[in-house]
Amino acid sequence: MNFPFSLKCDSDQSNDLNGYVDNGVSLGLSIHVAGYSDHTSTDDTGTPVYLEQYNGELRVIVYGDINQEDPTHVISLEGAKVSERNDPLCADETVINETDKPIQHSIQLPTPQYLKLRTQLANLQSILDINMCDYFDYSDADELPEWEWIEKNCSYDNRDNGESGINDYILNVSNEFDEIPQGFLTELINFANEKQIAYILFNQGC
């Protein structure tokens, strides 16, 4: 028996695809799509995708190349068994009451839709990477007033990083700063604000 279906295209309705699922043979399900076929079948009866149970294993057979007789992909679905799930969607928490009798409380974990929404709402920030050696000629960072100001006003610092003792400092541009040294730092922070850059990473190269 055949079960027809239609696959819609979001961008162009003229690209919608029609097909049908054939379960006439109890060995598996044949998926036929108009305009697609396999090497050994006629163009209107081809089966680019086949779902079967083979030696107790559920698998998908894909014929991704019409000029190739053998399947291009044989995909086992055994890893998709419910019994293979490591983290259940709904976990049970056991609480011991005063009578030492366990009480089961159901804890509903976040749904994929909720996690997707959190991802969409995440505030993506940009960071400007500044190698101070490209702008100043110095042998000791303590010689630069700019470095002294950065150290006092940074939100994060990682000192003596690596074998050569490189220092990294991250400045949160949204903070309010006092007595910014005129010139390089003033222009850099103004530039970051204009370009809506959230952070500036000051470093001494590799």
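Everything numeric here is computed off the predicted structure, so don't read it as measured data. What you see as residue numbers is a count from 1 along each chain, following the sequence as written. Local features in a predicted model are, by the rule used here, given only for residues with pLDDT of at least 70; side-chain atom pairs are given and counted only at 80 or more, and totals for whole chains, interfaces and linings are based on all residues. To get the side-chain values, all heavy atoms of the structure are used, and hydrogens and water are removed first.

Student: I keep staring at the nonpolar core and nothing clicks. Help me out?
Tutor: Note on soluble globular proteins: their nonpolar side chains tend to be buried together. Here the nonpolar core consists of buried residues drawn from Ala, Val, Leu, Ile, Met, Phe, Trp, Tyr and Cys, with membership extended through side-chain atoms lying within 4.5 Å. Accessibility here uses a 1.4 Å probe with only protein chains present; expressed as a share of the type maximum, an area under 20% marks a residue as buried, one over 50% as exposed, and anything in between as partly exposed. Judged by nonpolar contacts, the single largest core of 23 residues is most densely connected at Ile130, Met132, Trp147, Ile150, Phe184, Ile200 and Phe202. Here a strand is any run of E in DSSP of at least two residues, a helix any run of H or I of at least four, and the numbering for each starts at the N terminus. Elements represented by at least two residues in this core include exactly strand E9 (127–131), helix H2 (145–153), strand E11 (166–172), helix H3 (184–194) and strand E12 (199–203). Among the elements that take part in this core, H3 stands out by supplying 5 residues, more than any other. What makes two residues a contact is simply this: any of their non-hydrogen atoms within 4.5 Å. Beyond its immediate stretch of four places on either side in the chain, Phe202 contacts Ile130, Met132, Trp147, Ile150, Asn167, Asp168, Tyr169, Leu171, Phe184, Leu185 and Leu188.

Student: Got a minute to help me understand unusual backbone geometry in this structure?
Tutor: Outside of glycine, negative phi angles account for most residues, and trans bonds account for most peptide bonds. Even without being glycine, Asn55 reaches a positive phi, approximately 55°. With respect to the element layout, Asn55 can be found in the loop between strand E4 (49–54) and strand E5 (57–62). On the basis of relative accessibility, which here comes to 73%, the residue Asn55 falls in the exposed class. Although it is not a glycine, Glu179 adopts a positive phi angle of roughly 55°.

Student: Teacher, can you tell me more about the environment of Tyr54 here?
Tutor: For Tyr54, the position within the fold is in strand E4. Taking the relative accessible area as the measure of exposure, Tyr54 reaches 42% and is therefore partly exposed. Sequence spacing of Tyr54 and Ser76 is 22 residues, and the spatial spacing of their C-alpha atoms is 9.8 Å.

Student: Got a minute to help me understand the packing of aromatic side chains in this structure?
Tutor: The geometry of an aromatic ring pair comes down to the distance between the two centres and the angle between the two planes. When the centres of two rings from Phe, Tyr and Trp lie within 6.5 Å, Trp using its six-membered ring, the rings pair. Their planes under 30 degrees apart give stacked, over 60 give edge-to-face, and anything left gives tilted. Counted by the stated rule, this structure contains 4 aromatic pairs. Measuring from ring centre to ring centre gives 5.0 Å for Tyr135 and Phe184, while their planes differ by 45°; the resulting arrangement is tilted. Taken together, the residues span a long stretch of sequence, with Tyr135 in the loop between E9 and H2 and Phe184 in helix H3 at a distance of 49 residues. Among the residues examined, Tyr135 registers a relative accessible area of 49% and is labelled partly exposed. With a centroid separation of 5.3 Å and 65° between ring planes, the pair formed by Trp149 and Phe177 is classed as edge-to-face.

Student: Would you take a moment to explain the sheet that holds strand E6 (residues 73–76) for this structure?
Tutor: Pairing between sheet strands relies on hydrogen bonds along the backbone, with the strands arranged either parallel or antiparallel. Strand pairing requires that DSSP identify at least two bridges connecting the strands. Overall, antiparallel pairing links the 6 strands, which are arranged E1-E2-E3-E4-E5-E6 in an open sheet. Among the strands making up the open sheet, the edge pair consists of strand E1 (2–7) and E6. Each strand of the sheet is rotated relative to its neighbour by a mean of 20°, with strand direction disregarded. Summarising the sheet, strand E3 (residues 28–33) and E4 pair through 4 bridges and their orientation is antiparallel. Across the sheet, Leu29 pairs through a bridge with Leu51, a residue of E4. Axis geometry follows a simple rule: fit a line to the C-alpha atoms, using only the stretch in contact for helices, then measure angles between N-to-C directions, giving values from 0 to 180 degrees.

Student: Where do I start with H3 in this structure?
Tutor: Given 3.6 residues per helical turn, the α-helix brings residues three or four places apart onto the same face. Turning to H3, its buried residues number three or more, namely Phe184, Leu185, Thr186, Leu188, Ile189 and Ala192. Where H3 ends, the next residue or the one after it, Gln196, has phi of about 55°, a positive value.

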